[in-house]
Amino acid sequence: MSQEISDRRDMDFTLYEQLEIESLLASEKFDGMNRKVLDMVVNEARNLAVKELLPINASGDREGCRFENGVVKVPESFHRAFRLFREGEWITLFDDPKVGGQGLPVSVSLAISEYFNGANCSFCTYPGLCHGAGKLIEVYGTDDQKNLFLSNMYTGKWGGSMLLTEPGAGSDVGALTTTATRNPDGTFSISGSKIFITAGEQNLTENIIHPVLARIEGAPAGIKGISIFIVPKIRVNPDGSLGDPNDVICTGIEEKMGIHGSATCSLTLGGKGKCQGLLLGEENKGMRVMFHMMNEARLGVGLQAFSMSSAAYMNALNYARDRIQGKSLLSMMDPASPSLAIIQHPDVRRMLIWMKAYVDGMRSFIYYIGHCFDHVAVSENDADRDRYQGLIEMMTPVVKSYCSDRAFEVCTQAVQVFGGYGYTQEYPVEQLLRDCKITSIYEGTNGIQAMDLLGRKLGMKKGAYFMSLLAEMQKTIAAAKTIEVLADLATRTEAGVNRLGEVAMSLGMNAMSPQVMTAFAFAQPFLDVVGDVIMAWMHLWRAVAAAPKLEKLAGNLSPDARKEAAQSNRQAAFYEGVLKTTEFYIRAVFPVTLGKMNAITDFTTAAVDMPDMALGG
């Protein structure tokens, strides 16, 4: 059943052969860790995912959350799973052991989370928000706040959430109306309403700690006047015991397309004038604090989407191997010809390798960002830390937006492989498709991620971070050119990387000109081509890592030697799969990206110039 979620061999390949994470383990930060230890932890995560989370995914979807007398009840099966999750201390995988964390490399923690989210993404929102809200207190809280809240959040005794969105202020956070009034004792009285709050109310934990965006009376308008507050569901006394309810009331939950086991709540704060909050960080600096959580969440959403696409692909692959239907194209007129597994049909094979190309590419992309976080943590000089942090900044909006869009398309193709059965609840792919869609919407819609990439990230450090990203790609291209079977693929990738640099320059200049509106109409297409080029880079990098291993097993890299080795040796088959997937993506998918880049530089103003009435209606 483990292969219904993710391909463990490819996970190991990405971590140890492509990224070579063992080189990091020599650092003081990871003292005492080795591959044996890390593999053992990943194995335990897989066991929990397969034995506990995956079996309750469909039942949790069908049971959903219930809102009864102001209380949200999660699927009953989630209670045992949450208890086991807490007992295993899975909430703080990469955090410092000084605050109760496991201290794992971020890249390995993402592999673990791939199993959890691929098995049951709805369930994972609850422990995920324990961590996200807790991290804000760890980074920005006072010593008293850390002592009061952090341990209970990082152990999952208390839950967490993130209260941004309001009925009249969705993505436009600066328009919020929730207020904070100073009290003589240093607390603030909070008053307002929030909507679309994941895990805002649930019956898994005895308390929920809400980070709440609000405006202190007299503060400037817009985002410059926003502060953030710690608002417990149940007040916490100075000794850590629970006090009175804090006037945080759930008024309902949303009936959604997917993630039915994850409660999406509407909350009223201070309806009776008794909601108290503690300032977190500095006054009017709430967005800076919240962005720390949102950036973690954006990587998490990209991972969440990818994990579901991995599960969808594995299910489609297994089904295609088992489903017998249709004769071979070469003997379809022969009545005696036997029917074949549908994996033998060319169009099904095309769908499968297309899905594999994106799943494997996204895995490498996401793990690589984790690898950058690890380098930031262990680098011994400021220049290296800044370079890796810059790469993280550049890639964060891309990993959230690109992976959620491509993952949804992978889930769609998985349904297509199943045919009519894929559209039914008999198989898991229809739920994965429904659950995956939210990932392009929450934590900032994908259009907002594209605006962030074009409007902020592209010009950071006068474009130095973007150029650093292109330079990393060129390193891989140079390595690939030294391997004969990859030279042509390297040249094709190089053409795309160079063209991306030209497109970025052109669009960036237009974004600072009177044509700014048209430039931002192309922000999403630009983010997509950045993602496409990153996919080509990741696949070429994977091939550079795989080719010498395959050559050793096959004797040489001629087509006949590779084919023969792949038929008789499982490891050779894996490496051949890496090379063939790279070939497919760069030769059959990536050329479309060049056309998309041409469309961006063609810079039609039609989307902006078209009158509203001309759109119809």
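How each quantity is defined
- Residues numbered from 1 in each chain as written.
- Predicted model: local features only at pLDDT ≥ 70, side-chain atom pairs only at ≥ 80, totals over all residues.
- Heavy atoms only, no water.
- Helix = DSSP H or I, 4+ residues; strand = E, 2+ residues; numbered from the N terminus.
- Rg over C-alpha atoms; globule rule 2.2 N^0.38 Å.
- Buried < 20%, exposed > 50% of the residue type's maximum accessible area, 1.4 Å probe, protein only.
- Areas by Shrake-Rupley, 256 points an atom, 1.4 Å probe, with all protein chains shown as cover.
- Lys, Arg positive; Asp, Glu negative; His and termini not counted.
- Charge placed at Lys NZ, Arg CZ, Asp CG, Glu CD.
- Contact = heavy atoms within 4.5 Å.
- Pairing = 2+ DSSP bridges.
- Disulfide = S-S within 2.5 Å.
- Salt bridge = Lys/Arg side-chain N within 4 Å of Asp/Glu carboxyl O.
- Axes fitted to C-alpha atoms, helices over the stretch in contact; angles between N-to-C directions.
- Parallel < 35°, antiparallel > 145°, perpendicular 65-115°, else oblique.
- Nonpolar A, V, L, I, M, F, W, Y, C, P; charged D, E, K, R; others polar.
- Phe/Tyr/Trp six-rings, centres within 6.5 Å; stacked < 30°, edge-to-face > 60°.

Trainee: Outline the overall build of the protein chain, listing residues and values.
Mentor: Within the protein chain, the regular secondary structure consists of 19 helices and 14 strands. For 617 residues, the compact-globule estimate of 2.2 N^0.38 gives 25 Å, and the C-alpha radius of gyration of the protein chain, at 25 Å, lies within 12% of that figure. Dimensions of the protein chain along its principal axes, counting C-alpha atoms only, are 80 × 60 × 55 Å. Taking all 617 residues of the protein chain together, the buried fraction comes to 56%. A total of about 26000 Å² of accessible surface is found on the protein chain, and carbon and sulfur atoms cover 54% of it. Taking the average location of the 59 positive side-chain charges in the protein chain and that of its 70 negative ones, the two points are 1 Å from each other.

Trainee: Please set out the environment of Met-535 residue by residue, giving values where relevant.
Mentor: Residue placement: Met-535 occurs in helix 16 (residues 523–554). Each C-alpha atom, one on Met-535 and one on Tyr-358, is 7.6 Å from the other, the two residues being 177 residues apart in sequence. Discounting chain neighbours no more than four positions away, the residues touching Met-535 are Tyr-358, Gly-361, Met-362, Phe-365, Tyr-402 and Tyr-585.

Trainee: Explain the environment of Lys-272 to me, and be specific about the residues and the numbers.
Mentor: Considering the arrangement of structural elements, one finds Lys-272 in the loop between strand 11 (264–269) and strand 12 (276–279). Under the relative-accessibility criterion, Lys-272 is labelled exposed at 68%. Spatially, the C-alpha atoms of Lys-272 and Ser-191 are 9.1 Å apart, while their sequence positions differ by 81 residues.

Trainee: So, the pairing of strand 9 (residues 242–245): which residues are in play, and what are the values?
Mentor: As paired strands, strand 8 (residues 234–236) and strand 9 are joined by two bridges and run antiparallel to one another. The residue of strand 9 that forms the bridge with Ile-234 is Pro-245. Between the end of strand 8 and the start of strand 9, which pair antiparallel, lie five residues, with Gly-240 showing a positive phi angle near 95°.

Trainee: Tell me about the state of the cysteines, and name the residues and values.
Mentor: Under the definition given, this model contains zero disulfides. Here Cys-372 stays free of any disulfide, with the sulfur of Cys-403 as its closest cysteine sulfur at 14 Å.

Trainee: If you had to explain the pattern of salt bridges to someone new, which residues and values would you point to?
Mentor: Within the structure shown, the criterion is met by 43 salt bridges. A salt bridge links Asp-95 to Lys-135; the nearest nitrogen and oxygen atoms lie 2.6 Å apart. Placement of the pair is Asp-95 in the loop between helix 4 (77–87) and helix 5 (106–119) and Lys-135 in helix 6 (residues 121–140), with a sequence separation of 40 residues. One exposure class covers both Asp-95 and Lys-135, and it is buried. As a salt-bridge pair, Glu-472 and Arg-387 come within 2.8 Å of each other at their nearest N and O atoms. A residue pair is termed long-range when its members are at least 10 positions apart, and Glu-472 in helix 13 (residues 464–481) and Arg-387 in helix 10 (residues 382–418) qualify at 85 residues. Note on Glu-472: relative accessible area 12%, which makes it buried. The exposure class of Arg-387 is partly exposed, given its relative accessible area of 24%. Linked through salt bridges whose partners overlap, the residues forming this network are Asp-10, Glu-114, Lys-356, Asp-360, Arg-363 and Arg-542.

Trainee: Can you break down the packing of helix 10 against helix 13 residue by residue, with the values?
Mentor: Two elements in contact, helix 10 and helix 13, have axes separated by 9 Å at closest approach and are oriented at 100°. Of the possible angle classes, the one that applies to helix 10 and helix 13 is roughly perpendicular. Every residue of helix 13 that contacts helix 10 at Asp-386, Arg-387, Gly-390, Leu-391, Met-394 and Met-395 is listed here: Tyr-465, Phe-466, Ser-468, Leu-469, Glu-472 and Lys-475. Residues that form the contact of helix 10 with helix 13 fall into these classes: six nonpolar, two polar and four charged.

Trainee: So what's going on with the packing of aromatic side chains? Residues and values would help.
Mentor: By convention here, two paired aromatic rings are described through the distance between centres and the angle between planes. Tallied over the entire structure, the rule returns 22 aromatic pairs. Seen from their ring centres, Tyr-358 and Tyr-585 are 5.8 Å apart, and the 90° between their planes marks the pair as edge-to-face. Of this pair, Tyr-358 sits in helix 9 (residues 346–378) while Tyr-585 sits in helix 18 (residues 570–602); the two residues are 227 residues apart in sequence, bridging distant segments of the chain. Comparing Tyr-358 with Tyr-585 shows no difference in burial state: the two are buried. Aromatic side chains Tyr-368 and Trp-541 sit 5.5 Å apart centroid to centroid with 75° between the ring planes, which places their arrangement in the edge-to-face category.

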